[in-house]
Amino acid sequence: MNPKFLVEVIPTVPSDLVSVKEGARIANKTERTIWRDIRCGKLRAWGTRRCYRISVSELLAPVAVRGCGNE
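Residues numbered from 1 in each chain as written. Predicted model: local features only at pLDDT ≥ 70, side-chain atom pairs only at ≥ 80, totals over all residues. Heavy atoms only, no water.

## Focus on the nonpolar core
Counting eleven residues, the largest nonpolar core is built from V18, V20, A24, A27, I34, W35, I38, L43, I54, V56 and L59. Among all residues touching A24, those that are not within four sequence positions of it are K29, T30, E31 and I34. (Core = buried A, V, L, I, M, F, W, Y, C linked by side-chain atoms within 4.5 Å. Buried < 20%, exposed > 50% of the residue type's maximum accessible area, 1.4 Å probe, protein only. Contact = heavy atoms within 4.5 Å.)

This is the structure in structure tokens:
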């Protein structure tokens, strides 16, 4: 193998992580809806099982996209 083609992959973790409970309050959704979105793959989560953290910017991204067309 040629070492110049090997690149170290560094996982990035967002800096705006909050708990599911806090995220539900911020997005005005139920915790159950947030858990469903995580389970379906619509929302990424970091952490161990049942102690997940979610990104606020990722959580609120669909709201910003929907609002652009109504101007």
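## Observations regarding the packing of helix α1 (residues 20-27) against helix α2 (residues 31-40)
Packed helix pairs are specified by the crossing angle of their axes together with the interaxial distance, meaning the distance between the axes. At a minimum axis distance of 8 Å, the contact between α1 and α2 shows a crossing angle of 110°. Classified by the angle between their axes, α1 and α2 sit roughly perpendicular to one another. Both α1 and α2 take part in a crossing whose hand is right-handed. Contacts between α1 and α2 involve V20, K21 and A24 from the former and E31, I34, W35 and I38 from the latter. Class assignment for the residues of the contact of α1 with α2 results in five nonpolar, no polar and two charged. (Axes fitted to C-alpha atoms, helices over the stretch in contact; angles between N-to-C directions. Helix = DSSP H or I, 4+ residues; strand = E, 2+ residues; numbered from the N terminus. Parallel < 35°, antiparallel > 145°, perpendicular 65-115°, else oblique. Left-handed = near helix turned anticlockwise from the far one by under 90°. Nonpolar A, V, L, I, M, F, W, Y, C, P; charged D, E, K, R; others polar.)

## Looking at the packing of aromatic side chains
For the structure on display, the rule yields one aromatic pair. The interplanar angle of 50° and the centroid separation of 5.8 Å between the aromatic rings of W35 and Y52 together place this pair among those described as tilted. In this pair, W35 sits in helix α2 while Y52 sits in the loop between α2 and β2 (53-55), placing the two residues 17 residues apart along the sequence. Take Y52: its relative accessible area is 26%, and that puts it in the partly exposed class. A cation sits over an aromatic face here: R50 above W35, 5.0 Å from the ring centre. (Phe/Tyr/Trp six-rings, centres within 6.5 Å; stacked < 30°, edge-to-face > 60°. Lys NZ or Arg CZ within 6 Å of the ring centre and 35° of its normal.)

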